[in-house]
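Breakdown of the fold
Chain by chain, the residues:
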Amino acid sequence: MDFEELNSLEGIPKMIYDELIKNKKVNAFLKMSNIMAVGRLGYNDHGKTHAKIVANNAIKMLKILYKKGIEPSFVKDCKGSFEDSLVITLLGACLHDIGNAVHRDIHHLHSAYLALDIVESILKKYYKEEKAYIMTTEVLHAIYSHSEGIMGLTIEAGVIAVADGTDMTKGRSRIPICKKCYDIHSVSAASIEKVEIKEGNEKPIQIEVILSNEAGIFQIQEVLGEKIKWSGIKDYISVYARVEKEKPVFEEITI
């Protein structure tokens, strides 16, 4: 799996990412998140791979928005740098699902309090104490608001929420699938072949989804659509889909 954005990190973001992937507490929480979500509840991956996919895609969208002249919230509101926003996005994306280790219910809240000490201890190594605490609140906001029903109030939180929804290729659905059932959830989840994030023309971010059949539209609306709806950055995103081997042109999906 290609993690181009993560592999191209430099400076403080790279040092923090390298620390995160080696952090014993983080790895333990991600391991238990999968035991809880996958083993006990029948969801798909909520562990290390999911965290990397979300971080990679969130960073990609953050960069696209910045390139298009849309400042991250930490830059606009707190006079931070783009690198600061990159760090906030990286930490929030990597840690957004660790609360599944406690319980799937209100896991966004569990994730926030589990992440607090981790985020503070890491940020205080690279920033002055006050700035580290301010950045910590932004990371926790992004973690807390990644779930549907909670509106993201920063650009950084928004790209994390949407990136969470992009991890829906077949075998990786965010919706629990009944392995013994043949229903719309199962058929739709198996229909997503590929998800690509690109610079858009009409809107800054264009998400393209390739399907094996039209049933995948349900998955786009139920998973990605809900994330976009509550992300706070809906106006910056367009979603297009096409059925593989049938239509060469992508058709826009109304979210």
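Up top is the structure these notes are about.
Residues numbered from 1 in each chain as written. Predicted model: local features only at pLDDT ≥ 70, side-chain atom pairs only at ≥ 80, totals over all residues. Heavy atoms only, no water.

Here the focus is the pairing of strand E1 (residues 192-199). Pairing between E1 and strand E2 (residues 205-211): 7 bridges, direction antiparallel. Each residue of the ladder has a partner; that of Glu-199, found in E2, is Ile-205. Following E1, the chain reverses through 5 residues before pairing antiparallel with E2. (Pairing = 2+ DSSP bridges. Helix = DSSP H or I, 4+ residues; strand = E, 2+ residues; numbered from the N terminus.)

Considering all chains together, one arrives at 1 aromatic pair under this definition. Plain terms: the ring middles of Tyr-66 and Phe-82 are 4.3 Å apart, the flat faces sit at 20 degrees to each other, and that makes the pair stacked. Of the two residues, Tyr-66 is situated in helix H4 (residues 48-67) and Phe-82 in helix H6 (residues 82-95); the sequence distance between them amounts to 16 residues. (Phe/Tyr/Trp six-rings, centres within 6.5 Å; stacked < 30°, edge-to-face > 60°.)

On to the nonpolar core. Grouped together as the largest cluster of nonpolar side chains are 69 residues, with contacts concentrated most on Ile-207 and Val-209. The leading source of residues in this core is H4, at 10 residues. Aside from chain neighbours lying at most four places away, what touches Val-209 is Met-168, Ile-192, Lys-194, Val-195, Ile-220, Val-239, Tyr-240, Ala-241, Arg-242 and Phe-250. (Core = buried A, V, L, I, M, F, W, Y, C linked by side-chain atoms within 4.5 Å. Buried < 20%, exposed > 50% of the residue type's maximum accessible area, 1.4 Å probe, protein only. Contact = heavy atoms within 4.5 Å.)

Moving on to the pattern of salt bridges. Within the structure shown, the criterion is met by 11 salt bridges. The residue Lys-63 makes a salt bridge to Glu-5 at a minimum N-O spacing of 2.8 Å. Of this pair, Lys-63 sits in helix H4 while Glu-5 sits in helix H1 (residues 4-7), and the two are 58 residues apart along the sequence. One salt bridge connects Lys-68 with Glu-199, and the closest N-O pair in it is separated by 3.7 Å. One end of the pair, Lys-68, is in the loop between H4 and helix H5 (73-78); the other, Glu-199, is in strand E1, with 131 residues separating them in the sequence. You can call Lys-68 partly exposed: its relative accessible area is 39%. In this structure, a network of salt bridges that share partners links the residues Lys-194, Glu-196, Lys-198 and Glu-208. (Salt bridge = Lys/Arg side-chain N within 4 Å of Asp/Glu carboxyl O.)

What follows covers the side chain of His-146. Its location among the elements puts His-146 in the loop between helix H8 (129-144) and helix H9 (155-166). A polar contact is formed between the side chain of His-146 and the side chain of His-107, at a distance of 3.1 Å. Other than its neighbours up to four places away in sequence, His-146 contacts His-96, Asp-97, His-107, His-108, Ala-161, Asp-164 and Lys-227. (Polar contact = N/O pair within 3.5 Å; in protein donor to acceptor, adjacent residues only side chain to side chain.)

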